[in-house]
Amino acid sequence: MTADSSARATLNSVAKQAKVSRQTVSNVLNAPELVNPETRNRVRAVIEQQGYRPHRAARQLRTHRSQVIGLRIEAIGDGISGVVLDRFLHSLTATAEEHDHHIMLFTAPDDDAEVRAYGELVDTVGVDAFVLTGTHHGDARTQWLREHKLPFVTFGRPWGAREDHAWVDVDGATGTELATDHLIQRGHERIAFVGWPAGSGSGDDRRAGWQRAVRRAGLADDRTVEVADGIDGGRNAVDRLLSADPPTGFVCTSDSLALGVVSELRERGLNPGTDVAVTGFDDTPVAEMLGLTSVSQPIVEVAAQCIHQLQAVLRDAAIPEPALLAPRLVVRGTSG
């Protein structure tokens, strides 16, 4: 707080010192994209200097909103790919707090239970909106939320459904295409794809990127297996692919599968990075530790975009343009 102000900082005191209107201060707090960067930074500096904090109860009375966003948290499988959702949750929470929102976590064993939880949370807690993860074909959650006119954004595309809601995703096909092109540039001609069972939106998308790359290079696109995600799935994939004409490179749809592939190859006396190349997806700490080449998703940006899109929806603005973000390939020793 400034030296000449002993009282609690207010919207008026911030506006006066920053030489802007009360509405501009409100926009900086609730809709920062409406304010030019120079003014936004000046107002935020005054807010920090004065220690101004919006009065939550007064805001709730005025807006009839709880400032709470609901997010279902799922059980982590092998703990490897689950790191991605951990990163997402941390960034989502931090970005939400910048806009004076709070994330409420809840559990549900399946989509039907998640839908039931929506109604309960709206009725009992007054949750303003929801963030969904793991979108898929025929997703009943988005249909229910649309029908009940509840604000939401998804981390994941609609996958064939109506696209009349806010969503943010990572271009998985581009990620696996980058990984496959990387192996092709290193001289590999027999490149296999280790993926999830068909029907998974993100899994099919990642398979399409590999297929696009090998076809463009004139290589065979029949070296592909579908297995359950996890280390055991990766091991099983190697067993099925090491036939009379074994691949010299493996593009995997997750780091969990890639770890299984690496483990099985080593047990068979093959050295990943020398005898055979392996790439993963998600760039988890395990990938870094093992020197695994992997596709990195911009998770921090995904979370920030989810909150920004949700802010627009909560202001009753038009549904924002979808955000499809680009991944990058982190090259390490396993790709040769």
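See the structure above.
Residues numbered from 1 in each chain as written. Predicted model: local features only at pLDDT ≥ 70, side-chain atom pairs only at ≥ 80, totals over all residues. Heavy atoms only, no water.

S.K.: Outline the packing of helix H8 (residues 172–185) against helix H9 (residues 201–216), supporting the account with residue identities and numerical values.
M.R.: Interhelical geometry of H8 versus H9 gives an angle of 35° and a closest axis separation of 7 Å. Pair H8 / H9 crosses with right-handed handedness. The residues of H9 that touch H8, namely those facing Gly172, Ala173, Thr174, Thr176, Glu177, Thr180, Asp181 and Ile184, are Asp205, Arg206, Gly209, Trp210, Arg212, Ala213, Val214 and Arg216. Of the residues that constitute the contact of H8 with H9, the class distribution is five nonpolar, five polar and six charged. (Axes fitted to C-alpha atoms, helices over the stretch in contact; angles between N-to-C directions. Helix = DSSP H or I, 4+ residues; strand = E, 2+ residues; numbered from the N terminus. Left-handed = near helix turned anticlockwise from the far one by under 90°. Contact = heavy atoms within 4.5 Å. Nonpolar A, V, L, I, M, F, W, Y, C, P; charged D, E, K, R; others polar.)

S.K.: Explain the sheet that holds strand S9 (residues 277–281) to me, and be specific about the residues and the numbers.
M.R.: Ordered in space as S7-S6-S8-S9-S10-S12, the six strands form an open sheet in which the pairing is mixed. Unpaired on one side and paired on the other, strand S7 (224–226) and strand S12 (328–330) mark the two borders of the sheet. Sheet twist, expressed as the average angle between the axes of neighbouring strands with direction ignored, equals 20°. Sitting on the sheet, H9 is in contact with strand S6 (191–195), S7, strand S8 (249–252) and S9, with an inclination near 175° to S6. Across the sheet, helix H11 (residues 255–267) touches S6, S8, S9 and strand S10 (293–296), and the angle it forms with S9 is around 155°. (Pairing = 2+ DSSP bridges.)

S.K.: Provide a residue-level description of the nonpolar core, including the pertinent values.
M.R.: Of all hydrophobic cores here, the largest spans 25 residues; its most connected members are Phe88, Leu92, Val131, Val302 and Cys306. Counting only elements with at least two residues in this core, the list comes to strand S1 (68–72), helix H5 (82–98), strand S3 (129–133), strand S4 (152–155), strand S5 (166–170), helix H13 (299–314) and strand S11 (323–325). Not counting residues up to four positions away in its chain, the partners in contact with Val302 are Phe88, Phe155, Val168, Val170 and Leu325. Counting residues in each nonpolar core, the second largest holds 19 residues, with Val225, Val227, Leu241 and Leu265 among its members. (Core = buried A, V, L, I, M, F, W, Y, C linked by side-chain atoms within 4.5 Å. Buried < 20%, exposed > 50% of the residue type's maximum accessible area, 1.4 Å probe, protein only.)

From the geometry alone we can't say anything about function, so treat these as descriptive.
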